[in-house]
Amino acid sequence: MSHRVLSLSAVAALSATAALASAAPAGAQSKEIYVSPSGNARGDGSRSAPLESIQAAVDRATPGTVIKLLAGTYTGRVKIKNSGTAAAPIRIIPAGNGPVNVTYASKPQSCTNSQPAGDRTFTISGGADYWQIEGLNINNGIWINGQKSNSAYGWLTNLVNKNNYLTRRAVPGHGARNPAALSGQIAYLRKVTGAGDMDSADGIKIIGNNLTGRGIYGALTSNGVISNSKISKIPCGIGPGIWLMTFSNNWKITGNDVSDIAISKAAHFMQEGIRLGSAADYNEVTGNRVHDLPGDGRGINTDVDGSWNYIHHNTVTNVAIGYNDQMSGWGNRWEYNTVTGYRTYGFGFRLMDARLAQPSLASSSYLSIVTCNTTAGAVGNAKALGVGAMMNGTFTSNKMPFIWLSKNLTNYWSARGNKWNGSSAVPDKNPPQSTAGC
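Residues numbered from 1 in each chain as written. Predicted model: local features only at pLDDT ≥ 70, side-chain atom pairs only at ≥ 80, totals over all residues. Heavy atoms only, no water.

Q: Which residues make up the environment of Tyr345, and what values do they have?
A: Position of Tyr345 relative to the elements: it lies in strand E28 (residues 338–349). Classification of Tyr345 as buried rests on a relative accessible area of 14%. C-alpha separation for the pair Tyr345 and Gly255, spaced 90 residues apart in sequence, amounts to 24 Å. Setting aside residues up to four positions removed in sequence, Tyr345 forms contacts with Ala320, Ile321, Gly322, Leu351, Lys383, Leu385, Gly386 and Trp404. (Helix = DSSP H or I, 4+ residues; strand = E, 2+ residues; numbered from the N terminus. Buried < 20%, exposed > 50% of the residue type's maximum accessible area, 1.4 Å probe, protein only. Contact = heavy atoms within 4.5 Å.)

Printed below as a string of structure tokens:
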């Protein structure tokens, strides 16, 4: 797996090359539909008589279709509701004769907005599966939504508000590290929510795009890829550059460059780089670069039951907090990550639970694995590590020269199974630095 982050020029080059028009996966029954900004409604979708809109091609597409966009600028929202298959995904790619720009006049959001902005250029809804969007310059983002995702979100949020971790952790694969159990997740959620037509959006791949204005949001979506894309210039009130939530599982988020997300007046989670929240589990986040987030901008984060995620070999620069395991993260692995230029903490673990005399399975960090990470270049009095509440956490061979543990945590650190470089003793605020074994 490559961890190379593409520059803007590299993304543009991808857009202009025919390499993206490679053969569809084995087993696909491929057919081509061409689209041009200067096409017309009477076109048949051939290169000589292209269709006039991406939407027209999307509506005609069937499993294995490759939609080829001739160079130019396309304006208007693209709504995707039909599906490809795992063997025959539907692809939207440049035709190879130059850069392709896709834009839509999304409604501006208030800087006090605290919800993900759903008005985006590409919307994949109703549990549509197996689409690939590749090599485009996209203004105003991509929205991916499983069928009845709001029912799943509402059910989970109600339990979170009641501190009822036992019921919400009963979802298959959510209460223990058991990815094979995820096959039963949707059936279980249909039963407990009463939403019999609930359906996950599966197999979505977003590769080598340049996104501005709005990033990528997904809810109730699994087994997808976001790779080698550049996401930047996000106004306030929109949300993180990449935001997966509501039982979104098994995504590969690799080799992306995320920056310049405007300060939110509502909450920190509206200005993060990459965010996994509301029971987004078993996702791999690797080889990404997140940088230059103003205000309380945080680099890579888990929150509200985001668990069993593997976050490794990323680089975060010039942010408030580099990496943050927020509410009720269970079993997240943070390994071989680097953060420089952090203004508050390099790494943070459930800082809000510092007030608790004992950690809570409903809200505190649990079974965290923190290995071979490096912090450097603290701004002012920023700390390499801050931990409010944690149980069974394991810190090994990290370069964290100045740390803060809450007073309550130091009282129960050993009794609750936490360890620092193999020792159950409470570490000093300036612990010895060791990267042995990394």
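Q: Requested: an account of unusual backbone geometry, with residues and values cited.
A: One non-glycine residue, Ser278, lies in the positive phi region at around 50°. Note that Ser278 resides in the loop between strand E21 (274–277) and strand E22 (284–286). With relative accessibility at 7%, the residue Ser278 sits in the buried group. Positive phi is not limited to glycine here, since Asp292 has a value of about 55°. With respect to the helices and strands, the residue Asp292 is situated in the loop between strand E23 (289–291) and strand E24 (298–303).

Q: An account of the environment of Gly348 is needed here, citing residue identities and associated values.
A: Its place among the elements puts Gly348 in strand E28. Note: C-alpha distance between Gly348 and Asn210 (138 residues apart in sequence) is 30 Å. With residues up to four places along the chain from it excluded, the contact list for Gly348 reads Ile321, Tyr323, Asn324, Asp325 and Gly386.

Q: Break down the pairing of strand E8 (residues 131–134) for me, citing the residues and quoting the values.
A: Of the two faces of E8, both are covered, the one formed by Trp131 and Ile133 as well as the one formed by Gln132 and Glu134. Bridge count for strand E5 (residues 90–94) against E8 is three bridges, and the pairing is parallel. Across the sheet, Ile92 pairs through a bridge with Ile133, a residue of E8. Alignment of E8 against strand E12 (residues 205–207), held across three bridges, turns out to be parallel. For Gln132, the partnering residue across the bridge sits in E12 and is Lys205. (Pairing = 2+ DSSP bridges.)

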